[in-house]
Structures are given as C-alpha cells and as structure tokens.
Amino acid sequence: ELPSAHVTIKQGKFEKIIASTSNTTLEIPRGVTVKELEITSGNAEIYYGAVTGKITYNKDNTTITWLIDSKEQFAIFAEDVNNGKKFEGEIVKLTADIDLNNAEWTPIGTEENSFEGTFDGKGYTIKNLHIVEEEAKEGKAFIGFFGYAKNATIKNVTFENVNVELVNKTDWPKNFHDLHPCEE
C-alpha cells in the first residue's frame, strides 16, 4: 500500500477529471478550472470556484474540502448556501484573513436553506463585517455571519470590527436584547 500523499494539479482547464485517490488528497488550486469532477474515493481540496459544473462523489468514503481565500469567493459561497447548497458532509476552510471592507453582508444560510457542513476558519480573521437586518419575521431574526446553520460545525474563526445595524426597530421583539448565540 502506498503512503498517504498530496497530489496537486498545477495548471490547466479540464472538461472532466475522474479520480480515485484512496489515501491521497487531490488538490485543485487557484488558476485551475474543471468543468466536471468525479471522485470515487479519497479526499479533495478544491479552491472555491475551480469546479465550474457538476461534482459527484461517494459521501461514504470521500471528503470534500473547499478552500476560500478572498471576499469574492466568500460572497459566492454565501450565495450558494442561500440558494440551497447545504454542504452536508463537506468542509469549508479559510486559507487567509478575509477583509469584507464594510460592504453589506448577507448572512450565510436561511431558515429554508441552512448551512449543514463544517466551517473551519483555521484561526484566520474575518474583518470589517457589516450586517444590516431590515425586519424580524414572525419574531425571529437570523443575524450574524451565519444566519442559519443546522447540524453544522463552525470553528476556529475570529472577527474584527463587526457592525450590526437593525433597521425599522419597531418590528423587533420587545426582548430582542436577550440574544442567544445558537438554537438547537
């Protein structure tokens, strides 16, 4: 049996990659694009946005890790979750500090489309986060970097310079000051 290894595709554009990596990790870094990726076993670390089309893998014996190093990737990741990609059984890792430049942030996950994977900040910092929440819905508000996560793990991330703005405060529950960090 071969020892564990890390295989990186250095450059190129590919229509389709089929990989059986067993105890090896396949890395698809920034600058490589793959239209279709199929992993039959093993692990893959994929720069977020490198796979432009379909990705298939066996969740029983494959771990997919998405790598994020820019605010643009982060915005696409948040949009993907909010549009229904749950990331169940998948890992999302930061590979750098992210400065959101105080642009209005839409929280990751909604009640209908929750984040269900693992988010590992790897000790990196999200800077200049600005959240604007317009209204509470049925007495509930999903405010934060993650708006709604279910059966998820969120770890190893720090925040610097966070601004949360509540608009139209008359719609908010009277006991809004009793915020709870998570709901089971």
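Residues numbered from 1 in each chain as written. Predicted model: local features only at pLDDT ≥ 70, side-chain atom pairs only at ≥ 80, totals over all residues. Heavy atoms only, no water.

**Section: the overall build of the protein**
Of the regular secondary structure elements, the protein holds one helix and twelve strands. Secondary structure elements of the protein occur, N-terminal to C-terminal, as β-β-β-β-β-α-β-β-β-β-β-β-β. Within the span of the protein, comprising 184 residues, buried residues form 38% of the whole. Considering only intrachain contacts with a sequence separation of at least 6, the fraction spanning at least 24 residues in the protein is 59%. Summed over its atoms, the accessible surface of the protein is roughly 10900 Å², and 46% of this surface lies on carbon and sulfur atoms. (Helix = DSSP H or I, 4+ residues; strand = E, 2+ residues; numbered from the N terminus. Buried < 20%, exposed > 50% of the residue type's maximum accessible area, 1.4 Å probe, protein only. Contact = heavy atoms within 4.5 Å. Areas by Shrake-Rupley, 256 points an atom, 1.4 Å probe, with all protein chains shown as cover.)

**Focus on the side chain of Gln73**
Take Gln73: it is sitting in helix 1 (residues 71–82). A distance of 2.9 Å separates a polar atom in the side chain of Gln73 from the backbone oxygen of Tyr48. Within the local environment of Gln73, its side chain forms a polar contact with the backbone oxygen of Leu67, the two atoms lying 3.5 Å apart. (Polar contact = N/O pair within 3.5 Å; in protein donor to acceptor, adjacent residues only side chain to side chain.)

**Observations concerning the pairing of strand 3 (residues 32–47)**
One ladder, built from three bridges, connects strand 3 with strand 4 (residues 55–57); its direction is parallel. Bridging across to strand 4, Ile39 finds its partner in Tyr57. Relative to strand 5 (residues 62–68), strand 3 is paired through six bridges, and the arrangement is parallel. Bridging across to strand 5, Tyr47 finds its partner in Leu67. (Pairing = 2+ DSSP bridges.)

**Quick word on the nonpolar core**
Counting residues in hydrophobic clusters, the biggest one holds 37 residues, and the most contacted among them are Phe74, Phe77, Ile108 and Phe145. Looking at this core, the elements with two or more residues in it are strand 2 (12–28), strand 3, strand 5, helix 1, strand 6 (91–94) and strand 10 (125–133). Per element, the largest residue contribution to this core is seven residues, and it comes from strand 3. Setting aside residues up to four positions removed in sequence, Phe74 forms contacts with Ile68, Leu94, Ile98, Trp105, Ile108, Phe119, Ile126 and Phe145. (Core = buried A, V, L, I, M, F, W, Y, C linked by side-chain atoms within 4.5 Å.)

**Observations concerning unusual backbone geometry**
Its identity is not glycine, yet Lys122 carries a phi of approximately 55°, on the positive side. A relative accessible area of 47% means that Lys122 is categorised as partly exposed. At Asn151, a residue that is not glycine, the phi angle is positive and equals roughly 50°. Here Asn151 shows up in the loop between strand 10 and strand 11 (153–155).

Take it as geometry only, folks, not as evidence of what the structure does.
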